[in-house]
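# Residue-level structural notes
Listed below are the residues making up each chain.
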Amino acid sequence: MGQKDPRQIQAELAMPFAPEDLEWRLQKVVEARELGIAVPYVTNRAIMSRLDDVVGPENWYNEFKPWHGAGGKDAQLCGISIRFGDGWITKWDGAEDSDIEPVKGGLSDSMKRAAVQWGVGRVLYNMDVVFVDVEKRGKTWYIKKDQQERLDYAYLKILGKLNLTPAPAGGLRPQAEPEGGGKNPAGQGKLAEASSGKAGGNPAGGSKPKGAAYIIRQARINKGMNSGSTQLRLESSKGDKLDAFVRGEHPELAVGVILANVKLEKRQQDTIIYYMLEQYEIADAQPKAA
């Protein structure tokens, strides 16, 4: 686990997650108004990635045990163990089996609760009540798809009040400055390799893009009530990653696309820092797997 002390591990485990690492569920529905209260949870995939990042995959494990409640639903217990020196510490929590895929739901939820015991996602308990528009499909109520922007905003707003900044999706590395303003983090790949043809190359043997260049690592279109936006995770030639937004829906800005002559404008909302993609040229795209 290197030289990390328990306090450092605790702080890194408790870092807020990116909005992409959250899933939202309906806690209550007012059917007559087609309105619901949504609550966030950290996905199990993000929890596992966080544990891998902080302590290393060889220094933690989980285990499950069935738990039969007296007269109630069957439930699952999850224990997450982390190595400290020559010993292990395990923290347990449990959850009832769900109505859909009962045991799987119980396993998933019990791991989420056990992770909270270690501080993972505990910041979500500070969330205010979030109302969302809902729709009924069959006999089940769902959050409408166009509510994602509202949910992301509510989450980032509470982080701003707490003077916290979310970690990038899938990792703990802090937000980077645009290309030219930061150092290359150790162990990160370089966009120069992708631009030179090792990961797709330029079409028709063209030259490398001039000026600031980024490759799109993640892309998502947010459909708002009146207008949409496109949310991107960009990686620079130095391996730095940052989040950027583009006004409107841009399906051509897909994963693997290389952008040249990029102009980014830094914005800040409370304590949340992000970038607006004001100018770019599409230079290349990595081939998609079949």
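Details of the structure are given in the entry above.
What comes next concerns the included structure. (Residues numbered from 1 in each chain as written. Predicted model: local features only at pLDDT ≥ 70, side-chain atom pairs only at ≥ 80, totals over all residues. Heavy atoms only, no water.)

For the rest of this paragraph, the subject is the packing of helix 1 (residues 6-13) against helix 2 (residues 44-55). Between helix 1 and helix 2, the shortest axis-to-axis distance is 10 Å and the interhelical angle comes to 150°. When the interaxial angle is binned, helix 1 and helix 2 end up roughly antiparallel. Relative to helix 2, helix 1 is oriented so that their crossing is right-handed. On the side of helix 1, the interface is formed by Ile9, Glu12 and Leu13, while helix 2 contributes Arg50, Leu51, Val54 and Val55. Broken down by class, the residue content of the contact of helix 1 with helix 2 amounts to five nonpolar, no polar and two charged. (Axes fitted to C-alpha atoms, helices over the stretch in contact; angles between N-to-C directions. Helix = DSSP H or I, 4+ residues; strand = E, 2+ residues; numbered from the N terminus. Parallel < 35°, antiparallel > 145°, perpendicular 65-115°, else oblique. Left-handed = near helix turned anticlockwise from the far one by under 90°. Contact = heavy atoms within 4.5 Å. Nonpolar A, V, L, I, M, F, W, Y, C, P; charged D, E, K, R; others polar.)

With that settled, the discussion passes to the pairing of strand 7 (residues 140-143). Residue alternation in strand 7 divides its side chains into a buried set, Trp141 and Ile143, and an unburied set, Thr140 and Tyr142. Relative to strand 7, strand 6 (residues 130-137) is paired through four bridges, and the arrangement is antiparallel. Directly across from Lys136, in strand 7, lies its bridge partner Trp141. Between the antiparallel neighbours strand 6 and strand 7 lie two residues, among them Gly138 with a positive phi of about 70°. (Buried < 20%, exposed > 50% of the residue type's maximum accessible area, 1.4 Å probe, protein only. Pairing = 2+ DSSP bridges.)

End to end, helix 2 covers 16 Å across twelve residues, agreeing with the expected 16 Å (1.5 Å per residue, within 8%). Residues Asn44, Ala46, Ile47, Arg50, Leu51, Val54 and Val55 constitute the buried set of helix 2. Within helix 2, the buried residues cover an arc of 155° as seen down the axis, which keeps them to one side. (Expected span 1.5 Å × (residues − 1). Arc of directions from axis to C-beta.)

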